[in-house]
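Here's the letter readout for the chains.
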Amino acid sequence: METRDQLREALRETYPDEKPKTLSNWESQLWPFARVMQPGEPIIMPLKQRSGFALGRIKGPYVFLDVGGERLHTRSVEWVREAPRSVFAQDLQHSFGAFLTIFQVYRNEAEARVCAVIAGKADPALSGSPSLPSRSPAAPVSGVAASDAADAPLDVQQVAEDAIRFRVATVFKGHRLSALVGALLETEGYRVVVSPPGADGGVDILAGKGPLGFDPPRLVVQVKSQDSAVDVGVLRELQGVMRQFNADQGLLVAWGGVTKALAREAHRLFFEIRIWDSGDLIRLIQDGYEGLPDVLKADLPLKRIWTLAEGD
């Protein structure tokens, strides 16, 4: 399609039964993907299998390719890094929670802040750095879907999870996160001993089944509350502690996620060690919230709501 009018007409002819608003939404995503996005511009993609983002820069032009017998709309991307969702302040996490595939985030110097994170720096809104000069337009590009628009469809579940994530990261730092993880394990039927604050010899939590906690599976748990990803050395330390305590299995709680090297090693140890990141922890909190102690609920007040599940 050489013009936007041609794209609009093609959508109408191809999907005659769709509502005009739906066709307009598709158009406002397809046209920017093919014609507006430019090489060198930053791009961010939420990860599906773990809690975080892939960040990079657009590398090449739009190409319609045959991939494995399927015709696909493509743009080449140079992926620079992965980062946990907590790398951004809550305003951008909220903006990234749109029910859209291709969209623009233009408020609060979004582009400059994303560029800072791509470069390995902190989001200036979190670090207290002076505001960066914005390279984003002061208003959305005409006709381009924007998550900041008043009528943009939001992923309410993701927005809620981000709010819980921010609360946990703020209130349950360090040893308090170990206490929260221990309480969650208790909701799963484990007898739990949480190490006191201070040096713990690589053991944050011991847990086992049965009345006294002697029955398998017997777990050794390490809890890392840092925002940055933990490396494979932490996993190997956990293996050593498991041998010392004759544990059946190990659990590594990595709030800021894990490096690719650790993820590969953990896959090899599938029947021995599990990894929980912030997304796993939040889902466990939602599932087991009613069983948590009142003292933890007071610091993490949640309520269950129902919302309409809109169809695609």
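Residues numbered from 1 in each chain as written. Predicted model: local features only at pLDDT ≥ 70, side-chain atom pairs only at ≥ 80, totals over all residues. Heavy atoms only, no water.

*Asks:* Looking at this structure, how should I read the sheet that holds strand β3 (residues 70-83)?
*Replies:* Through backbone hydrogen bonds, the strands of a sheet pair up, either in parallel or in antiparallel fashion. Overall, antiparallel pairing links the three strands, which are arranged β1-β2-β3 in an open sheet. At either margin of the open sheet sits one strand with a lone partner, and together these are β1 (42-46) and β3. Averaged over all neighbouring strand pairs, the angle between strand axes comes to 55 degrees, with direction disregarded. One ladder, built from twelve bridges, connects strand β2 (residues 53-67) with β3; its direction is antiparallel. In the strand pairing of β3, Val63 is matched with Thr74. Its contacts with the sheet place helix α2 (residues 20-36) against β2 and β3, and it is angled at close to 75 degrees to β3. (Pairing = 2+ DSSP bridges. Helix = DSSP H or I, 4+ residues; strand = E, 2+ residues; numbered from the N terminus. Axes fitted to C-alpha atoms, helices over the stretch in contact; angles between N-to-C directions. Contact = heavy atoms within 4.5 Å.)

*Asks:* Sorry, what's going on with the pairing of strand β7 (residues 249-254) here?
*Replies:* Consecutive side chains along a regular strand alternate between the two faces of the sheet. The element β7 is largely enclosed, with a buried count of five among its six residues. In the sheet, strand β6 (residues 215-224) pairs with β7 via six bridges, with the strands oriented parallel. In the strand pairing of β7, Leu219 is matched with Gln249. After leaving β6, the chain enters helix α8 (residues 232-244) and then returns to the sheet as β7, a path that is right-handed. Pairing analysis gives four bridges linking β7 to strand β8 (residues 273-276), with the strands arranged parallel. In the sheet register, Leu251 faces β8, and the bridge partner there is Arg274. Read as a crossover between parallel neighbours, the route from β7 over helix α9 (residues 260-268) to β8 is right-handed. (Buried < 20%, exposed > 50% of the residue type's maximum accessible area, 1.4 Å probe, protein only. Right-handed = clockwise from strand over helix to strand, strands pointing away.)

*Asks:* It is not clear to me how the sheet that holds strand β4 (residues 191-194) should be interpreted in this structure. Could you clarify?
*Replies:* Overall, mixed pairing links the five strands, which are arranged β4-β5-β6-β7-β8 in an open sheet. Edge positions in the open sheet fall to β4 and β8, since each of these has one partner strand only. Across this sheet, the average inter-strand angle for adjacent strands is 20 degrees, counted without regard to direction.

*Asks:* I'm lost on the pairing of β6 in this one. Help?
*Replies:* Where strand β5 (residues 205-209) lies against β6, four bridges are found, and the strand directions are antiparallel. Each residue of the ladder has a partner; that of Ala207, found in β6, is Leu219. What sits between the antiparallel neighbours β5 and β6 is a turn of five residues, in which Gly210 has the positive phi angle 90 degrees.

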